[in-house]
Every structure is written in structure tokens, then in C-alpha cells.
Amino acid sequence: QVQLVESGGGLVQPGGSLRLSCAASGSIGSIMIMGWYRQAPGKEREFVATITGGGMTNYADSVKGRFTVSRGNAKNTMQLFLQMNSLKPEDSAIYYCHAIASTGNWSWGQGTQVTVSS
């Protein structure tokens, strides 16, 4: 079982930056891929970015060149980050961290709100 906790959301003006963090605990040795999805009001949850254990990344076209996903390791935890630059109002959403284990199971965090508004 993998537990995920996001942090770092907030209110930012258009053109600004935010850095989201996700702390993974539990069976972190089973994690193959980690990434981010987001969900805006009235819309379906959509893919944002992923990163593999080997560091390969993949991004949604809407965030390429503006967002950067990365991973880090600390004692007994695995960390995931999302650096978001040049933010636009349409980036406003709840951002969810997810992890895919070697078993194929998906785990989700509780989400963190990002609001881009002047």
C-alpha cells in the first residue's frame, strides 16, 4: 500500500510560479511511475505529467515547456515535485499526485488546489 500526500498549492497571479510536492510512504519500493493529474470544476480529471524510476518524463501538450516533473528520495519516503511556471488561469484545478506500483495498482493523494487569478 502506498500513501500519497500533496502540498504546495495556492493562489498565484497569471504568469507566476508554484511548486507542488507529493510525499509517498508505505510500499515505496513497489512504485514504478509517479505523476500528476488535475481536475477543474465541471471537467474530467486529466493527465499532466509522469516520471518513471529511470527519470523518463512525459507531459501533456498543454503544459510542455512550462511545467517540470521531478523525483527525490528521503529516508523512508519518495518525493515527487511539479514546478509550474508561466501559469495561466486555465491551469486552475485540483492537482492530484498518483503512483503506479509494479502490481499495476494506482494510488492517489487527496489533492491540492491551484488557483491562477489576478
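As a reminder, the structure under discussion sits directly above these lines.
Since the model is a prediction, treat every value here as computed from it, not as a measurement. (Residues numbered from 1 in each chain as written. Predicted model: local features only at pLDDT ≥ 70, side-chain atom pairs only at ≥ 80, totals over all residues. Heavy atoms only, no water.)

Participant: I tried to follow the state of the cysteines on my own but got confused; where do I start?
Facilitator: Applying the stated criterion across every chain, the model contains one disulfide. Bridging Cys22 to Cys97, the disulfide has an S-S length of 2.1 Å. Handedness here is read from the sign of the S-S torsion; for Cys22 and Cys97, about -75 degrees, the answer is left-handed. Linking Cys22 in strand E3 (residues 18–26) with Cys97 in strand E9 (residues 93–101), this pair joins segments that are 75 residues apart in sequence. Each of the two residues, Cys22 as well as Cys97, counts as buried. (Disulfide = S-S within 2.5 Å. Helix = DSSP H or I, 4+ residues; strand = E, 2+ residues; numbered from the N terminus. Buried < 20%, exposed > 50% of the residue type's maximum accessible area, 1.4 Å probe, protein only.)

Participant: Help me understand the pairing of strand E4 (residues 31–39) in this model?
Facilitator: Looking down a regular strand, the side chains alternate between one sheet face and the other. Pairing geometry for E4 and E9, over eight bridges, is antiparallel. Residue pairing for E9: Ile31 is matched across the bridge by Ala101. The pairing of E4 with strand E5 (residues 46–52) spans six bridges and is classified as antiparallel. Bridging across to E5, Ile33 finds its partner in Thr52. Between E4 and E5, which pair antiparallel one after the other, the connecting turn spans six residues, and Gly42 there sits at a positive phi close to 75 degrees. (Pairing = 2+ DSSP bridges.)

Taken by themselves, the reported measurements are silent on function.
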